[in-house]
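# Working through the structure, step by step
Next come the chains, spelled out residue by residue.
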Amino acid sequence: AQTIHQWPVAEIKAVGSPLSLGCTIKGKSSPNLYWYWQATGGTLQQLFYSITVGQVESVVQLNLSASRPKDDQFILSTEKLLLSHSGFYLCAWSLGGGADEQYFGPGTRLTVL
Amino acid sequence: GDSVTQTEGLVTLTEGLPVMLNCTYQTIYSNAFLFWYVHYLNESPWLLLRSSTDNKRTEHQGFHATLHKSSSSFHLQKSSAQLSDSALYYCALSGSGYNKLTFGKGTVLLVSP
């Protein structure tokens, strides 16, 4: 069975500090991977997707970057956090795009002070 | 770009009454897919329903929805609400970008005895 793990569970960070959030998928080879962000009271907004190692496409510009260093790993990062980065970050995977179901991880709660 | 509009905010119902959550969408892509994802508190979002062909009803766990391309709609319905249906419901669209998923703002359904 496939499992999706995100780390950390929660972070409290200062404005201007760096950030790295991680996501690992086990039990599935070459999945499509996605990062989503949800501001408090807001909708789920897709940030990035990746269909293969080393390739990441940006969907929304939020002064964040993403990388896929391994087939099963997806990293979200920034060198300087903004207050507006606060929210809930979800990683997801799917077999493909289009009609394929996306499977979401447990998420990371980020608070920027 | 793609957009999704759904019943916003909070919908409160008494157990046993019918559920109707509206979802309309905009996309230039003729072969779009629509989804309903459900997000229970302290769980990850998961797929409840996915659209089929135009005017065909899809059902899962007592919920059903029909894609109507003529009206760009994919409303979620259930004949009789249960307490366990209380959750956050998202309508989502896979339209002009094969790996892009656009979510609506979400509807909180609260079912009371």
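Throughout, a residue's number is its position along its own chain's written sequence, starting from 1. As a convention, the first chain written is A and the first ligand written is 1, with the rest following in written order. Side-chain atom pairs in this predicted model are given and counted only at pLDDT of 80 or more, local residue features only at pLDDT of at least 70, and totals for whole chains, interfaces and linings cover all residues. Only hydrogens and water are removed before side-chain values are computed, so all heavy atoms of the structure are retained for them.

Here we take up the sheet that holds strand β7 (residues 57-60) of chain B. Sheet strands associate in pairs through backbone hydrogen bonding, adopting either a parallel or an antiparallel arrangement. Residues and elements named next belong to chain B. As summarised here, the arrangement of the four strands in space is β3-β9-β8-β7, forming an open sheet in which the pairing is antiparallel. At either margin of the open sheet sits one strand with a lone partner, and together these are β3 (19-21) and β7. The sheet shows a mean angle of 20° between the axes of neighbouring strands, taken without regard to direction. In the sheet, strand β8 (residues 63-66) pairs with strand β9 (residues 76-78) via three bridges, with the strands oriented antiparallel. Looking at β9, one finds that A65 is bridged to L76. The pairing criterion for strands is at least two bridges between them, as found by DSSP. Numbered from the N terminus, helices here are DSSP runs of H or I no shorter than four residues, and strands are runs of E no shorter than two. Orientation is described by axes fitted as lines to C-alpha atoms, over the contacting stretch for helices, and by angles from 0 to 180 degrees between their N-to-C directions.

All names here are of chain B. Looking at the element boundaries, V19 is found in strand β3. Residue exposure (1.4 Å probe, protein chains only): buried if accessible area is under 20% of the type maximum, exposed if over 50%, otherwise partly exposed. In this structure V19 comes out as buried when scored by relative accessible area, which is 2%. Between the C-alpha atom of V19 and that of L67, which follows or precedes it by 48 residues, the distance is 17 Å. Ignoring any residue separated from it by four or fewer positions in sequence, one finds V19 in contact with L13, L76, Q77, K78, A81 and L109. Here, residues are in contact when the closest pair of their heavy atoms is within 4.5 Å.

A separate point is the state of the cysteines. Residue and element names in this part refer to chain A. Defined by distance alone, a disulfide is two cysteine sulfur atoms within 2.5 Å. Taken as a whole, this structure holds two disulfides over all chains when the rule is applied. Here C23 is linked by a disulfide to C91, with a sulfur-sulfur distance of 1.9 Å. Judged by the sign of its S-S torsion, about -75°, the bond between C23 and C91 is left-handed. Taken together, the residues C23 in strand β3 (residues 19-26) and C91 in strand β9 (residues 87-94) connect sequence positions 68 residues apart.

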